[in-house]
Amino acid sequence: MAWVVVLCLGLLLPLGHSKTVHIYVSPKGSDGNSGLDISHPVATLDKARQLLESSGIKDNTVYVELMGGYHNLQSTLHFTHAYSQPVTFRAYQDQEVHVTGGKKIPTNLFTHVTDSSVLNMLPSSSRSKVMQVHLPSAGVTDYGKMTNFGFYRSRTAWLEIFINGEPARLAQYPNEKFLNINSVPGGRHGKVFTYSTHEDSRWVHEKEPWAYGFWYWSWADDAAAISHIDSHKHQITLANDTHYGLRVGHYDPNHLAGYYTQGGYFRVFNMLSELDQPGEYYLDRSNGNLYIWPNTKTGTLDSSDDVTVSLINDCISMDRGVGNINFVGFSLEACRHEGIRGDGLHNINIQNMDIQNLGSYGVHITGSSNIIVSRCNIHSTNGGVAINGGNQKTLTPSGNIIEDNHIWLVARVGAVGYNAVSIGGVGNVVRYNHLHDGQYTGLMWGGNDNIMEYNHIHHMCVNTSDCGAVHAGRDWTARGNVIRYNHIHHVLRHMPGADNRGIMLDDQFSGVHIEHNVFYENQYHVNIGGGRDNIIRYNVFYDATSYPVNVDGRGLRSTSNQATLQNKLKSLPYTSKTWADKYPKLAAIDSHHPMAPMGNQIYDNVFYNARGSSVVQYHTSGIIKREYFDVHDNFKASPADFWSPREYDFRFRCSAETWAKQKSVPEPIDINAVGPRQPTGPKYMQKAIPQRHSTSHPASCSGSIVG
Ligand SMILES: *[C@@H]1O[C@H](CO)[C@@H](O)[C@H](O)[C@H]1NC(C)=O
């Protein structure tokens, strides 16, 4: 009997069960090896990818074990089809693994500058500090091109340089802030402008100078090559038009100008003559000489320093249809374009990665389902995670989840449009992320039924105006979206222009539920820009520098958004049964004054504002109407009504506590309950999650009024 059983198993096994295979990859390995045991690793990730097709490996569960060290990709790691069983690229036993799109430059190739023509160009203070290397001597000849960036452009970087993981930047002037434009002799749409610095006498011998600025609006940045510098007239001529034209600037870091005096400021870069501080570099493309003032502790370079230059465009790319791949526990860095990209994918897991030092987005995956990005560190990129998927016509959810990530400083070169997180489509979930230090928006979304919850979002919009830390606009159809249980704070305005907001519902954006969030120290906490059917309830609004909540009725006064709104509406089956069952108010929009701010509700929130301004600011006249903004049962608190606002502890006390109990309004979300639940990044760089506790003893209860 026994041998019959064995025989049957023998027949069944290859069909029903897959085994688990490990492929080992080491920078010290050889692609001639089998890769199948730890003492015979292959050398490259691409060889491991090819082995996935070989018999004995194909159709099994595979772990591609990346062994410690720097794995420098020779070209984009490119996947062309789905795997039947999960394939996981991971750091072997949590070793420190860097997968890079670059190449290490041996530090012994760097010398001090001796060429007198170069020394004459350099500022005198940097002549003894700047080091140079002839890149072709290190085998590097692809310098990339100087390319445009800013205002939502997907950036492909030129050759960039990273010292011990820290990005260097092209030498610029001024080092901080901007110069104002003094006049625009060729008019708004010309290419000529003047300014008032004498520094420009240094610039006239530059080979490839560029300028970057907020040329017209303080929410739209743009870069352009300079075609001529006239240091007598203090006048620059750009090689191209800028996005919105040019205007005279009034930027003054010590005086925050308003809406009518925004834009018109710039800086110059890619200039050897401005290489004047640690961390700046310049590459002379005509001869391959790279000059850098090393941003190391010693200010120089020795054998312990890692100098990497970026060479390939995307690190990892996946074709339509690719699925069942996991990337776990390693660092992905130094590519000129995106970290992980693809369109039309399914079942991709990106977990505990450190994604940094890229030219564009860390993760950019469109039209895809069941994509999970979790517990990653993403920083020093141009954009964090951008994902969309699901089917809007049928309202089929994507199943995409972005959770427990730490994402910061993701607008490294350029500002606007390099969001920490961007989502679109249907049913994406963004939860438990820590998003901070953004030049512009932290979380931008579109589409339907997305959930954004338990995120910690702060210090966004720091170098721009007319910005929302959480931002969406110009859509009546994007219903079913919920923003709840988040802490959103320190979204202030430091630049001239229009207001910055914690949550910005721009240009008639409609149908959002904003609930159970805690807001503090923002310029405005929330605005409703003329949209409909938004519900704001159970939030704490503490200390706005302007007003807590601002609403307007812009659609009553201007039809400038009407065509966009109507086109979007007509492109979707908003009166179909599926849609009408879910969003009855949208289905009836045509007969309910579509351009009016109908059906917004603001109730059961707790407000406190030291600046004394009221609950809701009505920005346009004639909109204080219940059918537009139904504002009721909000509680006006005093500082004593919270446990310890200074320590982000907004638990209710005193009258607020009594009021909340009466109305069954739940306690505000705890600061320790937002942001990542587990340590982020690869094992070797994980840190414990900080816990905050209120230490101060609350003062006694004082009077508070129900408003
Ligand atoms: C804002 O701009 C300054 C340069 O003016 C830069 O140093 C800083 O990193 C930027 N902030 C963020 C959050 O990117």
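Re unusual backbone geometry
- Here the bond from Tyr173 into Pro174 is cis, since omega is -10°, no more than 30 degrees from zero.
- Tracing the sequence through the fold places Pro174 in the loop between strand S13 (172-173) and strand S14 (179-180).
- Despite not being glycine, Asp507 shows a phi value in the positive range, around 40°.
- Relative to the helices and strands, Asp507 resides in the loop between strand S44 (501-506) and strand S45 (512-515).
- Asp507 sits in the buried class, given a relative accessible area of 10%.

Some points on the site of the ligand
- Taken together, the residues surrounding the ligand are Glu176, Lys177, Arg267, Leu409, Asp437, Gly438, Gln439, Val462 and Asn463.
- Here an oxygen atom of the ligand sits 3.3 Å away from a polar atom, N or O, in the side chain of Arg267.
- Asn463 is positioned with one of its side-chain polar atoms (N or O) 2.3 Å from an oxygen atom of the ligand.
- Protein contact buries 68% of the 360 Å² of open area that the ligand shows by itself.
- Partitioning the shell around the ligand into residue classes produces two nonpolar, three polar and four charged.

Regarding the sheet that holds strand S9 (residues 131-134)
- With mixed pairing, the five strands of this open sheet are ordered in space as S8-S9-S21-S20-S12. The open sheet has two edge strands, strand S8 (111-112) and strand S12 (169-170), and neither has a second partner.
- Here S9 pairs with strand S21 (residues 289-292) via four bridges, running antiparallel. Within S21, the position partnered with Gln132 by the bridge is Tyr291.

Thoughts on the state of the cysteines
- Following the criterion strictly, the structure yields two disulfides and no others.
- Note on cysteine connectivity: Cys461 is disulfide-linked to Cys467, with sulfurs 2.2 Å apart. Between Cys461 and Cys467 the sulfur-sulfur dihedral comes to about -70°; the bridge is accordingly left-handed. Just as Cys461 is buried, Cys467 falls in that class too.
- With no disulfide of its own, Cys376 lies closest to Cys315 among cysteine sulfurs, the gap being 13 Å.

Things to note about the sheet that holds strand S11 (residues 166-167)
- Taking strand neighbours across the sheet as the criterion, the four strands line up as S7-S22-S10-S11 in an open arrangement whose pairing is antiparallel. The open sheet has two edge strands, strand S7 (102-104) and S11, and neither has a second partner.
- Sheet analysis places S7 next to strand S22 (residues 307-310), joined by three bridges and oriented antiparallel. In the strand pairing of S22, Lys104 is matched with Thr308.

Observations regarding the pattern of salt bridges
- By the definition in use, this model includes 36 salt bridges.
- With its nearest N and O atoms 2.8 Å apart, the salt bridge here joins Glu65 to Arg90. Residue Glu65 is located in strand S2 (residues 61-66), and its partner Arg90 is located in strand S5 (residues 87-91); the two are separated by 25 residues in the primary sequence.
- With a relative accessible area of 2%, Glu65 lands in the buried category.
- The salt bridge involving Asp306 is made with Lys104; its shortest N-O contact spans 2.9 Å. You can see Asp306 sitting in the loop between S21 and S22 and its partner Lys104 sitting in strand S7, a full 202 residues away along the chain.

A look at the environment of Thr114
- Looking at the secondary structure, you find Thr114 in the loop between S8 and helix H3 (116-121).
- Overall, Thr114 belongs to the exposed group, its relative accessible area being 69%.
- Contacts of Thr114, omitting those with residues within four sequence positions, involve Leu119 and Gln132.

Some remarks on the environment of Gln95
- For Gln95, the position within the fold is in the loop between S5 and strand S6 (97-100).
- Residue classification places Gln95 among the partly exposed positions, given a relative accessible area of 28%.
- Gln95 sits 521 residues away from Val616 along the chain, and the two C-alpha atoms are 53 Å apart.
- Contacts of Gln95, omitting those with residues within four sequence positions, involve Met67 and Gly68.

Regarding the pairing of strand S29 (residues 363-366)
- Every second residue of S29 is oriented toward a common face, the buried set being Val363 and Ile365 and the non-buried set His364 and Thr366.
- Sheet analysis places strand S26 (residues 340-343) next to S29, joined by four bridges and oriented parallel. Counterpart to Arg341 in the pairing with S29 is His364.

Quick word on the environment of Ala211
- Relative to the helices and strands, Ala211 resides in strand S16 (residues 210-214).
- Since its relative accessible area comes to 0%, Ala211 is described here as buried.
- Along the chain, Ala211 and Ser196 lie 15 residues apart, while their C-alpha atoms are 15 Å from each other.

Some points on helix H8 (residues 654-663)
- Of all the positions in H8, only Cys654, Ala656, Trp659 and Ala660 are classed as buried.
- Positive backbone phi, approximately 55°, marks Ser664, located one or two places after H8.

Details of the nonpolar core
- In this structure, Phe79, Phe89, Phe327, Phe330, Ile350 and Trp445 are the most contacted members of the largest nonpolar core, which totals 133 residues.
- Residues contacting Phe89, with those up to four places away along its chain left out, are Leu45, Val64, Leu77, Phe79, Ile325, Asn326, Phe327, Val328 and Phe330.
- Counting residues in hydrophobic clusters, the runner-up holds 21 residues, among them Phe635, Phe642, Ala656 and Val665.

Some points on the packing of aromatic side chains
- Using the criterion set out here, one finds 45 aromatic pairs in the structure.
- Geometrically, the ring pair formed by Phe214 and Tyr265 is tilted, given 5.6 Å between the ring centres and 35° between the ring planes. You can see Phe214 sitting in strand S16 and its partner Tyr265 sitting in strand S19 (residues 265-269), a full 51 residues away along the chain.
- Taken together, the ring pairs in this structure connect Phe149, Trp158, Phe178, Trp210, Tyr212, Phe214, Tyr251, Tyr265 and Phe269 into an aromatic cluster.
- Over the ring of Trp217 we find Arg247; its NZ or CZ atom is 5.0 Å from the centre of that ring.
- One residue, Arg651, lies across the ring of Trp643, its end atom 4.6 Å from the ring centre.

Notes on the side chain of Arg479
- Following the sequence through the fold, Arg479 ends up in the loop between strand S41 (468-473) and strand S42 (481-484).
- Apart from the residues lying within four places of it in its own chain, the contact partners of Arg479 are Gly447, Asn448, Asp449, Ser510, Gly511, Asp533, Tyr583, Lys585 and Leu586.

Observations concerning the pairing of S26
- Where burial is concerned, the two faces of S26 differ: the one with Ile340 and Gly342 is buried and the one with Arg341 and Asp343 is not.
- Both strand S23 (residues 316-318) and S26 contribute to a ladder of three bridges, which runs parallel. Its bridge partner being in S26, Met318 is matched across the sheet by Gly342.

A short note on the side chain of Asn600
- Tracing the chain through its elements places Asn600 in strand S51 (residues 600-603).
- By relative accessible area, Asn600 is classed as buried at 1%.
- Separated by 3.4 Å, the side chain of Asn600 and the backbone nitrogen of Asp533 make a polar contact.
- Look past the residues within four positions of Asn600 in its chain and what remains in contact with it is Ile528, Gly531, Arg532, Asp533, Asn534, Tyr628, Phe629 and Asp630.

The rules behind the values
Residues numbered from 1 in each chain as written. Predicted model: local features only at pLDDT ≥ 70, side-chain atom pairs only at ≥ 80, totals over all residues. Heavy atoms only, no water. Helix = DSSP H or I, 4+ residues; strand = E, 2+ residues; numbered from the N terminus. Buried < 20%, exposed > 50% of the residue type's maximum accessible area, 1.4 Å probe, protein only. Near = heavy atom within 4 Å. Polar contact = N/O pair within 3.5 Å; in protein donor to acceptor, adjacent residues only side chain to side chain. Areas by Shrake-Rupley, 256 points an atom, 1.4 Å probe, with all protein chains shown as cover. Nonpolar A, V, L, I, M, F, W, Y, C, P; charged D, E, K, R; others polar. Pairing = 2+ DSSP bridges. Disulfide = S-S within 2.5 Å. Salt bridge = Lys/Arg side-chain N within 4 Å of Asp/Glu carboxyl O. Contact = heavy atoms within 4.5 Å. Core = buried A, V, L, I, M, F, W, Y, C linked by side-chain atoms within 4.5 Å. Phe/Tyr/Trp six-rings, centres within 6.5 Å; stacked < 30°, edge-to-face > 60°. Lys NZ or Arg CZ within 6 Å of the ring centre and 35° of its normal.

Any functional reading would require information that these geometric values do not contain.
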